[in-house]
Amino acid sequence: MKRVLSFLAAAALLLAGCRAEPPAASDSADSDLISVGICQVGAESDWRVANSESMKATFTEENGYQLYFEDAQQKQENQFRAIRRFIQQQVDYIVLMPITETGWESVLQEAREANIPVILVDRMVDVEDETLYATHIGSDFTREGEIAMEWLEKKYPDETPVSILHIQGTMDSSAQTGRTVALEQALQRHPNWTRLASLNGDFTQAKSYEVVRDFLAQQPTPPTLDVVYCENDNEAFGTIQALEEAGYTCGEGGVTVISFDATRNGLSLCQQGKILLEMECNPLLGPLVEEAIQALESGETLPRQQYVGEASFTPEQVTDTLLEQRAY
Ligand code: AHR
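The numbers attached to residues start from 1 for each chain and follow its sequence in the written order. In view of the model being predicted, local features appear only for residues whose pLDDT reaches at least 70, and side-chain atom pairs are presented and counted only at 80 or more, with totals across whole chains, interfaces and linings using the full set of residues. Hydrogens and waters are ignored; side-chain quantities use all the structure's heavy atoms.

Attention now goes to the domain arrangement of the protein. Note: interface size is frequently given as the accessible area lost on complex formation between the parts. Domain segmentation is taken from an automatic or database assignment of domains. On domain assignment, one finds that the protein holds domain 1 (7–138 + 284–297) and domain 2 (141–281 + 314–325). Taking only C-alpha atoms into account, the centre of domain 1 sits 33 Å from that of domain 2. Every contact between the two is made by 12 residues of domain 1 and, on the other side, 18 residues of domain 2. Contact between domain 1 and domain 2 buries roughly 1100 Å² in total, counting both sides, with carbon and sulfur atoms accounting for 46%. The term buried area refers to how much accessible surface (probe radius 1.4 Å) is lost by two components on association, counted for both of them together. In terms of surface lost to domain 2, no three residues of domain 1 exceed Asp 46, Trp 47 and Arg 123, which account for 44% of the buried area on that side. The salt bridge definition used is simple: a Lys or Arg side-chain nitrogen within 4 Å of an Asp or Glu carboxyl oxygen. Our count for the contact surface shared by domain 1 and domain 2 stands at 0 salt bridges. Definition of a polar contact: a pair of N or O atoms within 3.5 Å, with one able to donate and the other able to accept a hydrogen when the atoms are protein atoms, and with sequence-neighbouring residues admitted only if both atoms are side-chain atoms. In this structure, the connection of domain 1 to domain 2 is made through 8 residue pairs in polar contact (both at pLDDT 80 or more). All residues other than Ala, Val, Leu, Ile, Met, Phe, Trp, Tyr, Cys, Pro, Asp, Glu, Lys and Arg, Gly among them, are scored as polar; the first ten of these are nonpolar and the last four charged. Here the side of domain 1 that touches domain 2 is built from residues that sort into 3 nonpolar, 4 polar and 5 charged. Residue contacts follow a heavy-atom distance rule, with two residues in contact if any of their heavy atoms lie within 4.5 Å.

Rendered as structure tokens:
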């Protein structure tokens, strides 16, 4: 809307040998629209799909937006390419869900040089210069993990040994680092808690199923498993399948499964008693991102950090009504 790619600049790009790109955002039929380039991680989990749907439902033409949506298929280099494409297109705002925390300085600097505000959503970036982004809207992943650990401390209050299998999310993503830190701090507080292994489930059901199945197959005898700490619901789905195939029972009297997200499918397994703690992670961030963009349009300065409120659920708290009303 605000920026107009001049004919001369476009011609210069072509003469410089740049490949043909989609038209500049300001070339769209209705130039009153605010153009937003969204750079999504991928579609690795139910949470992610709900997050993308929330963005697409918010940034519609009826609401006054021209949306450019890129799915990076869980690769940071695809996210770099998408951001550079948005810069060439001269979008008004870039919304970035960064796959990992590190490596963002250069591309965020490029966005700043092009005067395009970047709004971070969901995960964080680890950059020295915090002014490289306008705001971050998402979850406090460490706090989510701490709430899960407080619950586990109540469940295992004495000094008896507790063996924990840890299924990690995409390494170096904020959701992984925050939830892992909370577990590691709890392990330090409880010398009777042992971590059997940390396996990388990459936030997906298929990978988690594979790594847990292979881990169990490699053990000389079936290990004692008290707790499995899965860093998202899709990991819990794959893990539960692998555990049950190996003869374990999940739930009270068996393996205590902790999971994050509290998607409808996760909550349903919680209601069935297979997941004993669901820590919510809210993906419905589209309206909050829109509020941020409208505030920037009005010239306001945004807080550097905006965390969303989240709840936790145990089986007795998951009612049929809650499941029916769950939006994701
Ligand atoms: O960054 C949020 C996490 O990423 C969610 O817990 C997970 O499901 C997603 O893939």
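Nonpolar cores are built from buried Ala, Val, Leu, Ile, Met, Phe, Trp, Tyr and Cys residues. Side-chain atoms within 4.5 Å join them into one set. Only protein chains enter the accessibility calculation, which uses a 1.4 Å probe; a residue is then buried when its area is under 20% of its type maximum, exposed when over 50%, and partly exposed in between. In this structure, Leu 165, Leu 199, Val 212, Leu 243 and Val 257 are the most contacted members of the largest nonpolar core, which totals 30 residues. Labels follow the DSSP assignment, with helices taken as runs of H or I lasting at least four residues and strands as runs of E lasting at least two, numbered in each case from the N terminus. Elements with a minimum of two residues in this core: strand S6 (162–168), strand S7 (193–200), helix H7 (205–218), strand S8 (227–230), helix H8 (233–245), helix H9 (264–271) and helix H11 (320–325). Counting residues in each nonpolar core, the second largest holds 22 residues, with Phe 59, Met 97, Ile 99 and Leu 302 among its members.

What follows deals with the environment of Leu 187. In this fold, Leu 187 is placed in helix H6 (residues 174–189). Residues Leu 187 and Met 149, spaced 38 residues apart in sequence, show a C-alpha to C-alpha distance of 9.5 Å. Contacts of Leu 187, omitting those with residues within four sequence positions, involve Ile 164, Trp 193, Thr 194 and Arg 195.

Every residue close to the ligand is listed here: Glu 44, Ser 45, Trp 47, Arg 48, Asp 122, Arg 123, Phe 141, Ala 175, Arg 179, Phe 203, Asn 232 and Asp 261. The contact in question runs from an oxygen atom of the ligand to an N or O atom on the side chain of Asp 122, over 2.7 Å. Computed with the Shrake-Rupley method and a 1.4 Å probe, the accessible areas treat only the protein chains shown as cover for residues. Taking 280 Å² as the accessible area of the ligand by itself, protein coverage stands at 100%. For the shell around the ligand, the secondary structure elements donating two or more residues are helix H2 (46–58) and H6. Partitioning the shell around the ligand into residue classes produces 4 nonpolar, 2 polar and 6 charged. Here, proximity means that at least one heavy atom of the residue falls within 4 Å of the molecule or strand.

Looking at the element boundaries, Leu 67 is found in strand S2 (residues 65–71). Overall, the relative accessible area of 23% leaves Leu 67 in the partly exposed class. Once the C-alpha coordinates of Leu 67 and Val 36 are considered, the two residues, 31 residues apart in sequence, prove to be 5.1 Å apart. Leave out the neighbours within four places in its chain, and Leu 67 touches Val 36, Ile 38, Lys 56 and Phe 59.

With parallel pairing, the 6 strands of this open sheet are ordered in space as S2-S1-S3-S4-S5-S11. The open sheet is flanked by S2 and strand S11 (305–307), the only strands paired with a single partner. Taken over all neighbouring pairs, the strand axes of this sheet differ in orientation by 20° on average, direction set aside. Both strand S3 (residues 93–96) and strand S4 (residues 118–122) contribute to a ladder of 3 bridges, which runs parallel. Paired with Ile 94 across the two strands is Val 118, which belongs to S4. Only C-alpha atoms enter the line fits that serve as axes; for helices the fit covers just the stretch in contact. Angles between N-to-C directions range over 0 to 180 degrees. The sheet contacts of helix H3 (residues 76–89) involve strand S1 (34–40), S2 and S3, and relative to S1 the element is tilted by about 170°. DSSP bridges decide pairing: two strands pair if at least two such bridges lie between them.

What follows deals with H6. In this model H6 runs 23 Å from its N-terminal to its C-terminal C-alpha over 16 residues, within 8% of the 22 Å that 1.5 Å per residue would give. Burial in H6 covers these residues: Ser 174, Ala 175, Gln 176, Gly 178, Arg 179, Thr 180, Ala 182, Leu 183, Ala 186 and Leu 187. Buried residues along H6 sit in contact with helix H5 (141–155), S6, S7, S8 and strand S9 (256–261). Under the convention used throughout, the expected extent of a helix is 1.5 Å for every residue step, that is, one less than its residue count.

Another point: the packing of H7 against H8. Two numbers describe how H7 lies on H8: the axes approach to 7 Å, and their chain directions differ by 35°. For the crossing formed where H7 meets H8, the hand is right-handed. Mapping the contact onto sequence places Gln 205, Ser 208, Tyr 209, Val 212, Arg 213 and Leu 216 in H7 and Asn 234, Glu 235, Phe 237, Gly 238, Thr 239, Gln 241, Ala 242, Leu 243 and Glu 245 in H8. For the contact of H7 with H8, the class distribution of residues is 6 nonpolar, 6 polar and 3 charged. Crossing handedness is defined as follows: a turn of the near helix away from the far one that is anticlockwise and smaller than a right angle gives a left-handed crossing, while the clockwise case is right-handed.

We call Phe, Tyr and Trp rings a pair once their centres come within 6.5 Å, taking the six-membered ring for Trp, and we label the pair stacked below 30 degrees between planes, edge-to-face above 60, and tilted otherwise. This structure, assessed with the given rule, holds 3 aromatic pairs. Their ring planes at 85° and their centres at 4.8 Å tell us that Phe 59 and Tyr 65 sit as a pair that is edge-to-face. For Phe 59, a relative accessible area of 2% gives the class buried. Geometrically, the ring pair formed by Phe 80 and Trp 104 is edge-to-face, given 5.3 Å between the ring centres and 80° between the ring planes. Taken together, the residues Phe 80 in helix H3 and Trp 104 in the loop between S3 and helix H4 (105–113) connect sequence positions 24 residues apart.

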